Every structure is written in C-alpha cells, then in structure tokens.
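In case you want the letters, here they are:
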Amino acid sequence: SDRIAAALKKAREDKNVKAIVLRVNSPGGSALASDVIWRETQLIRDSGKPLVVSMGDYAASGGYYISCAANRIFANPNTITGSI
C-alpha cells in the first residue's frame, strides 16, 4: 500500500499530470492497506484532479473501497466487485 499511495501522491502533486487512471485488480486484503490507498484517492479527488478507476478481474472488498473516490469507474461485465 505504501508504494501505491506514494505513486498516487506523486501523480497528484505533479502539475503536468492532468488526470489519474488507477487500475484495480484485487480480491481484497488488508483493511489498513486499503485505507492508506483510499486516503490518497480522497486527496486526489479533493485536489480537483480527475481520478478514473479501471477495474480488472476483481475489485472486491478493499479494491471496491479504494474505487469509491473515483470520478468515473469502468468495469468489464465479468468483473467481480463488491464488499461485505
């Protein structure tokens, strides 16, 4: 989560980056790791920079959670997504 959050922060702070596309392909995992990434997605959204999520095969639990801050979410018909 630290590596992903750091990359998102770098993109958020880069004035040459006009929008961010985040590929989410996760069956779930650590609640803390998800929250660390989610916090950075919230900061991106608050900055006014567009955030687009592209869901892969899975966007479950934490993957679903971090996608919620996106301005737009794209998923395939077979993407498994959701949270408990």
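Everything below is about the structure shown above.
Residues numbered from 1 in each chain as written. Predicted model: local features only at pLDDT ≥ 70, side-chain atom pairs only at ≥ 80, totals over all residues. Heavy atoms only, no water.

Draft legend 1. Expanded view of the pairing of strand 1 (residues 20-26). Pairing geometry for strand 1 and strand 2 (residues 51-60), over 6 bridges, is parallel. By the bridge assignment, Ile20 is partnered in strand 2 with Leu51. Traced from strand 1 through helix 2 (residues 31-47) to strand 2, the parallel crossover comes out right-handed. (Pairing = 2+ DSSP bridges. Helix = DSSP H or I, 4+ residues; strand = E, 2+ residues; numbered from the N terminus. Right-handed = clockwise from strand over helix to strand, strands pointing away.)

Draft legend 2. A look at unusual backbone geometry. Phi angles above zero are rare outside glycine, and Ser61 is one such case at about 50 degrees. Residue position: Ser61 is located in the loop between strand 2 and helix 3 (62-67). On the accessibility criterion, Ser61 (31% relative accessible area) is partly exposed. (Buried < 20%, exposed > 50% of the residue type's maximum accessible area, 1.4 Å probe, protein only.)

Draft legend 3. Region of interest: the pattern of salt bridges. Evaluated as defined, the whole model comprises 1 salt bridge. Glu40 serves as the salt-bridge partner of Arg12, at 2.5 Å between the closest nitrogen and oxygen. Of the two residues, Arg12 sits in helix 1 (residues 2-13) while Glu40 sits in helix 2, which places them 28 residues apart along the sequence. The two residues Arg12 and Glu40 agree in class, both being buried. (Salt bridge = Lys/Arg side-chain N within 4 Å of Asp/Glu carboxyl O.)

Draft legend 4. The arrangement of the side chain of Thr41 in detail. Residue position: Thr41 is located in helix 2. With a relative accessible area of 0%, Thr41 lands in the buried category. The contacts of Thr41, once residues within four sequence positions are left out, are Leu8, Leu22, Leu51, Ile66 and Ala69. (Contact = heavy atoms within 4.5 Å.)

Draft legend 5. Expanded view of the nonpolar core. The biggest cluster of nonpolar side chains holds 13 residues, and the ones touching the most others in it are Leu8, Ile20, Leu22, Val24, Leu51 and Val53. Of all the secondary-structure elements, those providing two or more residues to this core are helix 1, strand 1, helix 2 and strand 2. The leading source of residues in this core is strand 2, at 4 residues. Once you skip the residues sitting within four places of it in the chain, Val53 turns out to touch Leu22, Val24, Ser67, Ala70, Arg72, Ile73 and Phe74. (Core = buried A, V, L, I, M, F, W, Y, C linked by side-chain atoms within 4.5 Å.)

Draft legend 6. Quick look at the environment of Arg3. By secondary structure assignment, the location of Arg3 is in helix 1. Judged by its relative accessible area of 69%, Arg3 falls in the exposed class. Separated by 78 residues in the primary sequence, Arg3 and Thr81 place their C-alpha atoms 23 Å from one another.

Draft legend 7. The pairing of strand 2, seen in detail. Most of strand 2 is tucked away, with 7 of its 10 residues classed as buried. Examined bridge by bridge, strand 2 and strand 4 (residues 80-82) share 3 bridges and lie parallel to one another. Paired with Ala59 across the two strands is Thr81, which belongs to strand 4.

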